[in-house]
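Given next are the chains, with one letter for each unit.
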Amino acid sequence: MEELAFLDLPDGRTLIGRGPFTRRESAPDGGVAFYRNDFGLTSPAPWWVPGDWEIVPRGEAADFLGGADHGREVAPPVCHWEAPDASAFAAVFQEISAAIRTGAFEKTVPVVVERGLLEETPGRWLLAMAAASDAPLTGYGFCSGNEGFAGASPEGLLSVTGGVLKTMALAGTARTEERDVLEVDEKEIREHEYVAQSLVSKLSDIGHVRRGPRGIMELRSIVHFHTPIEVDLTGSETPESLVRRLHPTPALGPLPRTLGTMDQLISWRRRLGTPMEFGAPFGAMVDGAFHAIVMIRGLWWRGTELLLPAGCGVIEASRLVNEWRELRLKREAVKARFGL
C-alpha cells in the first residue's frame with residue numbers, strides 16, 4: 001500500500017498527502033508538509049513533505065481515502081479484543097500516587113493499552129473511518145505498507161493563522177448521561193483547572209492571552225470540560241518552538257513538566273506498552289498556517305494487530321477504580337467510532 005497521510009483542517013476541509021514522503025528537519029518555506037513526532041519529541045526529522053497532495057471538502061475525505069472500496073459501504077473487519085492488564089496499571093497507579101504524596105508530581109497521565117487481533121488487514125479502511133468523523137472531532141491518520149495509525153481527536157494542540165494562536169484545555173471526563181454531575185465534580189474541575197492555568201502560564205510571555213469560559217464538549221457517549229484559549233502573538237514563533245512550548249499539555253503530560261518528570265512518565269508508558277506516538281502532536285503546514293492536534297482516541301496497527309491506548313489524569317484526589325472506569329469509557333468510545 002502507498003504511503004498516505006491526512007488531517008482535517010479547522011476550516012472544514014481535509015488535507016490528504018501521498019508518498020513517497022521526503023523527511024526534513026525543519027518546515028519548508030512554502031507548500032505543504034505534515035508534522036509527525038513521538039511523545040518525547042525525539043525525531044530528528046519530524047516534517048514529512050508529500051510527493052503530491054490535495055485538499056478536499058471534509059465530507060468527501062472518507063471516499064478519497066477508501067482506496068479500492070471507494071464509494072461503497074464496507075462492513076468493519078472483525079476484531080478479537082484482549083482485556084488490558086489491570087494489575088500492571090494498578091502498580092503504576094500506586095507509584096504515581098506515592099510520587100504525588102512526596103511532591104514530585106501534582107498530576108500525570110498513565111496510559112492503558114488494549115490489544116486486538118483483526119481477522120484481516122485493515123488496508124485503508126481505518127483511515128477512511130477516521131476521516132468520516134464530524135466536528136468537534138478532528139480526523140487524522142498515516143499509513144505505510146501494513147502499518148499505521150488513525151483516529152479522531154477532540155484535542156487541538158495549536159492552530160496558528162495570521163499571528164493568532166488558538167489552543168484549548170481539554171480535561172475532565174464523564175458519560176453523557178452524567179453531564180450534570182460533571183459540572184459540579186470538584187476532582188474533575190480541579191484536574192481541568194490544572195491544565196487551563198498551566199496553558200495560560202506557558203503562553204503569557206509570547207503575546208496577549210485570552211481565556212474563554214469553561215464549557216462542555218459533547219462527544220456522543222462522553223463529555224469533557226473544554227476551555228478555549230487564544231493568543232495574539234507578539235513575536236515570530238516557529239511551529240517547532242510552539243509545539244515544544246505546549247507539548248505535552250498537562251492533559252497528557254506531567255505537572256510540573258521537567259526533564260525528570262517527563263522521563264518518569266515515558267518510563268511508565270513503556271512499561272504499559274504505549275505506542276510512542278500516542279499523545280504526540282500530529283499536524284500540517286498549509287496555506288501559510290500551521291495546525292496540530294494531539295494524537296488521542298485512535299488506533300495503531302501492524303498487520304492484523306491493533307493497539308488501542310487511552311490515558312487518564314491522576315491527581316491526589318484520584319481513585320484507582322474511578323480511573324480504570326474512565327479508561328474503559330474512552331476505549332469504548334474509540335471502538336464505537338470505528339465499529340469495532
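Everything below is about the structure shown above.
Here the structure is a predicted model, which is why all the values come from computation and not from measurement.

A. Main features of helix 5 (residues 186–203). Look at helix 5: 26 Å from first C-alpha to last across 18 residues, which is about the 26 Å you get at 1.5 Å a residue. Inspection of helix 5 places Lys187, Glu188, Ile189, Glu191, His192, Glu193, Val195, Ala196, Ser198, Leu199 and Leu203 among the buried residues, and these make up the whole buried set. Buried-residue contacts for helix 5 involve strand 12 (164–175), helix 4 (179–182), strand 13 (207–211), strand 15 (222–233), helix 6 (239–246) and helix 8 (320–338). With a side-chain oxygen lying 3.0 Å from the backbone nitrogen of Lys187, the N-terminal cap of helix 5 falls on Asp185.

B. Summary view of the pattern of salt bridges. Here the structure, examined in full by the defined rule, presents 23 salt bridges. The closest approach of N and O atoms between Asp232 and Arg210, which form a salt bridge, is 2.4 Å. Taken as a pair, Asp232 in strand 15 and Arg210 in strand 13 lie far apart in primary sequence, 22 residues in all. Taking the relative accessible area as the measure of exposure, Asp232 reaches 28% and is therefore partly exposed. Several salt bridges share partner residues, and in doing so they unite Glu114, Arg331, Glu332 and Lys335 into one network.

C. Seen up close, unusual backbone geometry. Cis geometry is found at the peptide bond from Gly19 to Pro20, where omega equals 5°. Looking at where Pro20 falls in the secondary structure, it is placed in the loop between strand 2 (13–18) and strand 3 (22–24). The omega torsion across Leu255 and Pro256 is 0°, close enough to zero to call that bond cis. Considering the arrangement of structural elements, one finds Pro256 in the loop between helix 6 and helix 7 (259–271). Residues other than glycine seldom take positive phi values, yet Asp287 does so here, at roughly 55°. With respect to the secondary-structure elements, Asp287 resides in the loop between strand 16 (281–286) and strand 17 (289–294). The exposure class of Asp287 is exposed, given its relative accessible area of 58%.

D. Structural view of the packing of helix 2 (residues 86–101) against helix 8. Interaxial distance between helix 2 and helix 8 falls to 11 Å at its minimum, and their mutual angle equals 125°. Our classification of the angle between helix 2 and helix 8 gives oblique. Here the hand of the crossing between helix 2 and helix 8 comes out right-handed. Each of Ala86, Phe89, Ala90, Phe93 and Gln94 in helix 2 lies in contact with helix 8, whose residues at this interface are Leu320, Glu323, Trp324 and Leu327.

E. Up close: the pairing of strand 1 (residues 4–8). When you tally the buried positions in strand 1, you get five out of five residues, the bulk of the element. Burial of strand 1 is two-sided: the residues Leu4, Phe6 and Asp8 facing one way and the residues Ala5 and Leu7 facing the other way are all buried. For strand 1 and strand 9 (residues 138–144), the ladder comprises four bridges, and the chain directions are antiparallel. Opposite Leu4, over in strand 9, you have Cys143 as the bridge partner. Sheet analysis places strand 1 next to strand 2, joined by five bridges and oriented antiparallel. Note on strand 2: the bridge partner recorded for Ala5 is Gly17. From the end of strand 1 to the start of strand 2, which pair antiparallel, there are four residues, and Gly12 there has a positive phi angle of about 90°.

About the cut-offs
- Residues numbered from 1 in each chain as written.
- Predicted model: local features only at pLDDT ≥ 70, side-chain atom pairs only at ≥ 80, totals over all residues.
- Heavy atoms only, no water.
- Helix = DSSP H or I, 4+ residues; strand = E, 2+ residues; numbered from the N terminus.
- Expected span 1.5 Å × (residues − 1).
- Buried < 20%, exposed > 50% of the residue type's maximum accessible area, 1.4 Å probe, protein only.
- Contact = heavy atoms within 4.5 Å.
- Polar contact = N/O pair within 3.5 Å; in protein donor to acceptor, adjacent residues only side chain to side chain.
- Salt bridge = Lys/Arg side-chain N within 4 Å of Asp/Glu carboxyl O.
- Axes fitted to C-alpha atoms, helices over the stretch in contact; angles between N-to-C directions.
- Parallel < 35°, antiparallel > 145°, perpendicular 65-115°, else oblique.
- Left-handed = near helix turned anticlockwise from the far one by under 90°.
- Pairing = 2+ DSSP bridges.

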